[in-house]
Amino acid sequence: MVSVICPVCHKKGSLQVKYIKTTSEKKIPYYYVAHYEMLKGETRVVSWHYIGKSLPENLRKQVEGEQK
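Just so it is clear, the model here is predicted, and its values are computed rather than measured.

Student: Which residues make up the pattern of salt bridges, and what are the values?
Tutor: For the coordinates displayed, the defined rule picks out two salt bridges. Here Lys 21 makes a salt bridge to Glu 25, at a shortest N to O gap of 3.6 Å. Like Lys 21, the residue Glu 25 is exposed in the burial classification. Put simply, Arg 60 and Glu 57 hold a salt bridge, and the shortest N to O gap is 3.2 Å. One end of the pair is Arg 60 and the other is Glu 57, both in helix α1 (residues 57-67) and three residues apart, which spans about a single turn. Arg 60 gets classed as partly exposed once you look at its relative accessible area, which sits at 33%.

This is how it looks when you write it as structure tokens:
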């Protein structure tokens, strides 16, 4: 996805979207920032920060700026 500055911890991370299905089969997006911390064995340790159902304005500007 897109590299952004996390509004929770102010570190660089990857913006991720997870879609949750409701009982009426409607998909609702939930936004998270993934931080790939360190290598543990052969896998990377990932920490997640929940952003919300909609992107804050500062993240929206970062995403639009990177896509141009």
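Student: So, the pairing of strand β1 (residues 2-5): which residues are in play, and what are the values?
Tutor: Every second residue of β1 is oriented toward a common face, the buried set being Val 2 and Val 4 and the non-buried set Ser 3 and Ile 5. Counting the residues that bridge the hairpin from β1 to strand β2 (residues 12-21) gives six residues, and of these His 10 lies at a positive phi of roughly 65 degrees.

Student: Please set out the side chain of Ser 14 residue by residue, giving values where relevant.
Tutor: Positionally, Ser 14 belongs in strand β2. Residue classification places Ser 14 among the buried positions, given a relative accessible area of 12%. The residues touching Ser 14, leaving out its near neighbours within four places in the chain, are Met 1, Val 2, Tyr 32, Val 33, Ala 34 and Tyr 36.

Student: An account of the confidence of the model for the protein is needed here, citing residue identities and associated values.
Tutor: The pLDDT averaged across the protein works out to 86; a share of 94% of its residues lies at or above 70. Of all secondary-structure elements in the protein, the lowest mean pLDDT belongs to α1, at 79, while β2 reaches the highest, 92.

Student: Give me the lowdown on a nonpolar patch on the surface, citing residues and values where you can.
Tutor: Together, Tyr 36, Val 46 and Trp 48 line one region of the surface with nonpolar side chains, adding up to about 290 Å² of accessible area. Mapped onto the secondary structure, Trp 48 falls in strand β4 (residues 43-52). Given the relative accessible area of 40%, Trp 48 is considered partly exposed.

Student: Residues and numbers for the packing of aromatic side chains, please.
Tutor: Using the criterion set out here, one finds three aromatic pairs in the structure. Ring geometry for Tyr 30 against Tyr 50: centres 6.3 Å apart, planes inclined by 35 degrees, an arrangement best described as tilted. Here Tyr 50 lies in strand β4 and Tyr 30 lies in strand β3 (residues 27-40), a separation of 20 residues in the sequence. By relative accessible area, Tyr 50 is classed as partly exposed at 43%. Through a chain of ring-to-ring contacts, three or more aromatic side chains come together here, namely Tyr 30, Tyr 32, Trp 48 and Tyr 50. Sitting over the face of the ring of Tyr 32, Lys 18 holds its NZ or CZ atom 4.8 Å from the ring centroid.

Conventions used here
- Residues numbered from 1 in each chain as written.
- Predicted model: local features only at pLDDT ≥ 70, side-chain atom pairs only at ≥ 80, totals over all residues.
- Heavy atoms only, no water.
- Salt bridge = Lys/Arg side-chain N within 4 Å of Asp/Glu carboxyl O.
- Buried < 20%, exposed > 50% of the residue type's maximum accessible area, 1.4 Å probe, protein only.
- Helix = DSSP H or I, 4+ residues; strand = E, 2+ residues; numbered from the N terminus.
- Pairing = 2+ DSSP bridges.
- Contact = heavy atoms within 4.5 Å.
- pLDDT = per-residue confidence, 0-100.
- Patch = residues over 30% accessible without salt bridge, like charges linked within 9 Å, V, L, I, M, F, W, Y side chains within 5 Å.
- Areas by Shrake-Rupley, 256 points an atom, 1.4 Å probe, with all protein chains shown as cover.
- Phe/Tyr/Trp six-rings, centres within 6.5 Å; stacked < 30°, edge-to-face > 60°.
- Lys NZ or Arg CZ within 6 Å of the ring centre and 35° of its normal.

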